[in-house]
Amino acid sequence: MGGIGGNLIANDNYSKYRFAIQQHFDRKGVSNVEDFNFRILLEDNTELKPEGGIGVTDSADFDEIYVASVGLDLSNLK
């Protein structure tokens, strides 16, 4: 099992929920898959299915959005 993290490239759907995600950040520091139905899609549309969840850090004070995920089976990725 492995983990990944990096800057999120937000799509139009993310903008619909961004304010709510930022409110989660203010209250608890991170929004996770229990708060929202987050999914990780790679550029080739491969969906990662992490056992440990997905967390998004998005503060209204910064332009960058960070996503992290753990419990990934990376053995079948090219």
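The paragraphs below set out a description of the structure included in this document. No experiment lies behind these values; they were computed from the predicted model shown.

1. Notes on the pattern of salt bridges
Step number 1: Tallying each qualifying case throughout the model produces 4 salt bridges.
Step number 2: With its nearest N and O atoms 2.8 Å apart, the salt bridge here joins D35 to K28.
Step number 3: With relative accessibility at 44%, the residue K28 sits in the partly exposed group.
Step number 4: Notably, a salt bridge pairs K49 with E47, separated by 3.8 Å at the nearest N-O pair.

2. As for unusual backbone geometry
Step number 1: A positive phi is found at N45, a non-glycine position, where the angle reads about 70°.
Step number 2: Structurally, N45 can be placed in the loop between β3 (40–41) and β4 (47–48).

3. Quick look at the pairing of strand β5 (residues 54–58)
Step number 1: Most of β5 sits out of view: 4 of its 5 residues are buried.
Step number 2: Relative to β5, strand β2 (residues 31–32) runs antiparallel, the two sharing 2 bridges. Across the sheet, residue N32 finds its bridge partner in β5, namely G55.
Step number 3: Of the pairings in the sheet, the one linking β5 to strand β6 (residues 65–72) comprises 5 bridges and is antiparallel in character. By the bridge assignment, I54 is partnered in β6 with S69.
Step number 4: The turn joining β5 and β6, which pair antiparallel and follow one another in sequence, is formed by 6 residues.

What counts and how
Residues numbered from 1 in each chain as written. Predicted model: local features only at pLDDT ≥ 70, side-chain atom pairs only at ≥ 80, totals over all residues. Heavy atoms only, no water. Salt bridge = Lys/Arg side-chain N within 4 Å of Asp/Glu carboxyl O. Buried < 20%, exposed > 50% of the residue type's maximum accessible area, 1.4 Å probe, protein only. Helix = DSSP H or I, 4+ residues; strand = E, 2+ residues; numbered from the N terminus. Pairing = 2+ DSSP bridges.

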